[in-house]
Amino acid sequence: MNINRSEARIKYALLWVPVAAVIAVAVAVVAKLFGLWAWGAFIAGAGTFFVASIVMLMGFCRTDDEIAAARAEREAAAAARAPYKAANDAIVIPDSPKPGSGPKVAPTVAKTAPKPVAAPKPAPAPKPAPAPKPAPAPAPAPAAAPAPAASDAGARPAPLSGPRAEGADDLKQIKGVGPKLERQVNELGIYHYDQIAAWTEAEVAWMDENLEGFKGRVSRDDWVGQAKELAAKG
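A brief look at the structure comes next. Because the structure is predicted, anything quoted here is derived from the model rather than measured.

**Points about the nonpolar core**
Ranked by internal contacts, the top residues of the largest apolar core, which has 21 residues, are Ile196, Trp199, Leu211 and Trp223. Contributions of two or more residues to this core are made by helix H4 (179–187), helix H5 (193–197), helix H6 (201–210) and helix H8 (223–233). With 4 residues, H8 is the largest single contributor of residues to this core. Look past the residues within four positions of Trp199 in its chain and what remains in contact with it is Pro157, Ile190, Val204, Met207, Val218, Trp223 and Val224.

**Quick word on the side chain of Glu182**
Locating Glu182 in the fold gives a position in helix H4. A polar side-chain atom of Glu182 sits 3.1 Å from the main-chain amide nitrogen of Leu171. Those residues in contact with Glu182, other than ones at most four positions away along the chain, are Asp169, Asp170, Leu171, Lys172 and Val177.

**Observations concerning the pattern of salt bridges**
Following the criterion strictly, the structure yields 5 salt bridges and no others. The shortest N-O distance in the salt bridge between Arg164 and Asp194 comes to 3.2 Å. You can see Arg164 sitting in the loop between helix H3 (64–90) and H4 and its partner Asp194 sitting in helix H5, a full 30 residues away along the chain. The salt bridge involving Lys172 is made with Glu182; its shortest N-O contact spans 3.1 Å. Note that Lys172 is positioned in the loop between H3 and H4 and Glu182 in helix H4, a separation of 10 residues in sequence. Judged by its relative accessible area of 36%, Lys172 falls in the partly exposed class. Residue Glu182 is classed as buried on the basis of its relative accessible area of 12%. Connected via shared salt-bridge partners are Asp170, Lys172 and Glu182.

Parameters at a glance
Residues numbered from 1 in each chain as written. Predicted model: local features only at pLDDT ≥ 70, side-chain atom pairs only at ≥ 80, totals over all residues. Heavy atoms only, no water. Core = buried A, V, L, I, M, F, W, Y, C linked by side-chain atoms within 4.5 Å. Buried < 20%, exposed > 50% of the residue type's maximum accessible area, 1.4 Å probe, protein only. Helix = DSSP H or I, 4+ residues; strand = E, 2+ residues; numbered from the N terminus. Contact = heavy atoms within 4.5 Å. Polar contact = N/O pair within 3.5 Å; in protein donor to acceptor, adjacent residues only side chain to side chain. Salt bridge = Lys/Arg side-chain N within 4 Å of Asp/Glu carboxyl O.

Following this line, the structure appears as structure tokens:
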């Protein structure tokens, strides 16, 4: 429905607003019948009234000029899209050939050609007897490890081949002797306090020169004096 005169818009609005109200009441009643609480039914009815009023006022309360303007706007939009639609319709996408759809090539060999007769296999030649393996050469005797070079200064203390039956003394009790130095002294054949306590000045000089990384430690820390005290304590 359209309106020829703008001043008649209010009259038509008064007609369609009650219709929207009736629809809203019906929606609220149905919502209540389906178990919706009272405020929920009221909100559903109010929302329906608002939407129905807008739809009816916009759809049925327009003048002829408004209808003509809307139609002209639609036609202008369609005319603006027409060139693009025509260009899309003019595009032709060629169909690509499916794989294997090309012309078939005739086989070069007939399917019924006779199979070639296989030549007989020659008899295998006899394997030669394996040559005897040469006896392995005796392994050379391992060379003895070179003894560490000792300095000629002083005289080397008499070494022992190993500690006595009661066991080696704890040389780490001597000030300045740690595990590494104790191991080096044991390798030189020194295991007991009384051995160190009996060293002469020449033997002290020899030990000072031949302790790798600890040169001069014997005289500087007075090993002989400390060993005498430890030997006296037992």
